[in-house]
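Working through the structure, step by step
Listed here are the chains, written in short residue letters.
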Amino acid sequence: MSESGEAGLRERVHLLLRAVEPTMAPVDSIIRRGRARRLRRAGAVAGSLGLAGIIAAATLLLPPDAAVPPHPPLPVTVPASGIAGPGGVFASGTADGHAWRLAVENVADPGYRCLPAITVNGTDANLVQPNPRNYAATAFGPAAPGLGFAYVQLPAGVTGIVLDGQESVPAVTATACGLRYRLAGFAYRLAHPPRVTAIGAVVSYQLPPVGSLGTATAPAGQSYGVWTNVGTPGAETEQGTLASGRDWSISVLLDAGGDCYSYKSMAAAGTPQIGACGPVSTPDGAETIMALSLSYPPAHLHGPTGYAIQVSPATARLRATISDGSTKLVTPRVVGGRKYAAFTVATSLRLVRLTWLDATGRAFASTIDLPRSGYTQFQP
């Protein structure tokens, strides 16, 4: 090639790179950030073909009708072996300074029938069975502001997923409770949920909205840690009565929708039944303290408040201290291989302290951070 021809080619390359600069990262940046394999191969070719190869590679990296999204997916780390690591971890990473890990594990108390679930950072579980039609997402709110977490159960023949056409997340095999799962998990920004497509099949997954407006059973800000499922997770449902009196009862329904409590009072005609769902805690995770108030001043309704708490395996009794100085000793009941405690507080009174007692009667945890309605979480 003549010097003038080579100079003209260099000028065309310069113009091409300037044209794509606002919408794409440099080739070496894409390689370092580990985007989809297709892009990494294109970058490697560009590094070895010279100027003509750079033109071809740049064209491949940025088709005229497909600009690179302005918010790249968050990076994901998966086990290189394709098998979940210790604790069933199948995906992990760090987002905005928040370390996270997704795992499949048993969330039943020791000594009870195994109960498989997907967890984030060892808590906030979503009960699952092997089912390639299911995927789900959740958010933690102030604990990880602006971030969501999701996973997809993948069928045979699908080797992984791609986020926004850039980040490849291979399928990882995990085993829990004697059941095998093929999973791909990731974190993402709630303001920019990624487009999720399958590798090896023409399938896409539309992430559900999570963690903002609440649900029919949870007010705004009270759906954090509760998973929103798309498809059927196939998890077994467990339910049972936690506490009851002459004219009231508190029960729990444990399924993929969370720990869902219902409080019913028959003390007066027209008294409504109230229910709400909270996060499913792991045996060693933060415990959800749910308050179900039958009082609703705008409708001139006044009634007692029911409390329900999933407690740790070490909890033999729960002591509730009431605003009039009285106390209640509550013995947990087991539902679905998990311990729960429940009780009521009279209309004119309020709960001021909860204390956890072991089998010897020793107090090993206590809190005064208690809700009047909705829920809070406490780590004993």
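About the thresholds
Residues numbered from 1 in each chain as written. Predicted model: local features only at pLDDT ≥ 70, side-chain atom pairs only at ≥ 80, totals over all residues. Heavy atoms only, no water. Helix = DSSP H or I, 4+ residues; strand = E, 2+ residues; numbered from the N terminus. Contact = heavy atoms within 4.5 Å. Areas by Shrake-Rupley, 256 points an atom, 1.4 Å probe, with all protein chains shown as cover. Pairing = 2+ DSSP bridges. Axes fitted to C-alpha atoms, helices over the stretch in contact; angles between N-to-C directions. Core = buried A, V, L, I, M, F, W, Y, C linked by side-chain atoms within 4.5 Å. Buried < 20%, exposed > 50% of the residue type's maximum accessible area, 1.4 Å probe, protein only. Salt bridge = Lys/Arg side-chain N within 4 Å of Asp/Glu carboxyl O. Phe/Tyr/Trp six-rings, centres within 6.5 Å; stacked < 30°, edge-to-face > 60°. pLDDT = per-residue confidence, 0-100. Disulfide = S-S within 2.5 Å.

**Some words on the overall build of the protein**
Within the protein, the secondary structure is distributed over three helices and 26 strands. Taking all contacts inside the protein whose residues are at least 6 apart in sequence as the whole, residues at least 24 apart take part in 56%. Accessible area for the protein stands at about 17900 Å²; split by element, carbon and sulfur atoms hold 56% of it.

**Observations regarding the sheet that holds strand β13 (residues 228-230)**
Read across the open sheet, the five strands follow the order β9-β10-β6-β5-β13; overall the sheet is antiparallel. Every other strand in the sheet has two partners, leaving β9 (172-176) and β13 as the edge strands with one partner each. The sheet shows a mean angle of 30° between the axes of neighbouring strands, direction not considered. With five bridges connecting them, strand β5 (residues 135-139) and strand β6 (residues 147-153) associate as antiparallel partners. Residue pairing for β6: Ala 139 is matched across the bridge by Gly 148.

**Focus: the nonpolar core**
Note that soluble globular proteins tend to have their nonpolar side chains buried in a common cluster. Formed by 44 residues in total, the largest nonpolar core has its most connected members in Phe 90, Ile 118, Ile 161 and Phe 186. Among the elements that take part in this core, strand β10 (residues 179-189) stands out by supplying six residues, more than any other.

**Looking at the environment of Ile 199**
Relative to the helices and strands, Ile 199 is located in strand β11 (residues 196-199). Not counting the four nearest positions on each side in its chain, Ile 199 is found in contact with Gly 157, Val 158, Thr 159, Gly 160, Ile 161 and Val 162.

**Notes on the side chain of Thr 344**
When you line up the elements, Thr 344 lands in strand β23 (residues 338-345). Residue classification places Thr 344 among the buried positions, given a relative accessible area of 12%. Residue contacts for Thr 344: discarding those within four places in its chain leaves Trp 248, Ile 250, Tyr 263, Thr 305, Gly 306 and Lys 328.

**Structural notes on the pattern of salt bridges**
Two side chains that carry opposite charge are able to pair once their charged atoms sit near each other. Under the defined criterion, the tally for this structure stands at five salt bridges. One salt bridge in this structure joins Arg 113 and Glu 238, with 2.6 Å as the shortest N-O distance. Residue Arg 113 is found in the loop between β2 (98-106) and β3 (116-120), and its partner Glu 238 is found in strand β14 (residues 238-244); the two are separated by 125 residues along the sequence.

**Regarding the packing of aromatic side chains**
Considering all chains together, one arrives at eight aromatic pairs under this definition. Between the aromatic rings of Phe 186 and Tyr 188, the centroid separation amounts to 6.0 Å while the plane-to-plane angle is 55°, which identifies the pairing as tilted. The two residues Phe 186 and Tyr 188 agree in class, both being buried. Ring pairs connect the aromatic residues Trp 100, Phe 140 and Phe 149, which therefore count as one cluster.

**Re unusual backbone geometry**
Non-glycine residue Asn 121 carries a positive phi angle of around 55°. In this structure, Asn 121 sits in the loop between β3 and β4 (123-127). With a relative accessible area of 30%, Asn 121 lands in the partly exposed category. With a phi close to 55°, Cys 177 is a non-glycine residue in the positive phi region. Counting through the fold element by element, Cys 177 comes out in the loop between β9 and β10. Of the residues examined, Cys 177 reaches a relative accessible area of 30% and is grouped as partly exposed.

**Some points on the confidence of the model for the protein**
Taken over all residues, the pLDDT of the protein has a mean of 80, while the share at 70 or more is 75%. Under a pLDDT of 50 for its full length, residues 213-221 has, in the predicted model, 13 contacts with residues more than four places off or in other chains.

**Here's the deal with the state of the cysteines**
With the rule as written, the count across this model stands at two disulfides. For the protein, the bonded cysteines connect in the pattern 1-2, 3-4 when numbered consecutively along the sequence.

**Focus on the pairing of β23**
Counted residue by residue, β23 has eight buried out of eight residues, so it is predominantly covered. Of the two faces of β23, the one holding Arg 338, Tyr 340, Ala 342 and Thr 344 and the one holding Lys 339, Ala 341, Phe 343 and Val 345 are both buried throughout. Where strand β19 (residues 305-311) meets β23, seven bridges bridge the pair, whose relative direction is antiparallel. Bridge assignment links Tyr 307 to a residue of β23, and that residue is Phe 343. Note that strand β22 (residues 333-335) and β23 share three bridges and pair antiparallel. Within the sheet, the bridge partner assigned to Val 335 lies in β23 and is Arg 338. The turn joining β22 and β23, which pair antiparallel and follow one another in sequence, is formed by two residues; a positive phi near 65° is taken by Gly 336.

**Comments concerning the environment of Thr 197**
Looking at the secondary structure, you find Thr 197 in strand β11. Sequence separation between Thr 197 and Ile 161 is 36 residues; the distance between their C-alpha atoms is 5.5 Å. When sequence neighbours within four positions are dropped, the list of residues in contact with Thr 197 reads Gly 160, Ile 161, Val 162, Val 203 and Ser 204.

**Observations regarding the sheet that holds strand β15 (residues 248-255)**
Overall, antiparallel pairing links the four strands, which are arranged β14-β15-β16-β17 in an open sheet. Only two strands of the sheet have a single partner each, and these edge strands are β14 and β17 (274-278). In this sheet, adjacent strand axes meet at a mean angle of 20° when their direction is disregarded.

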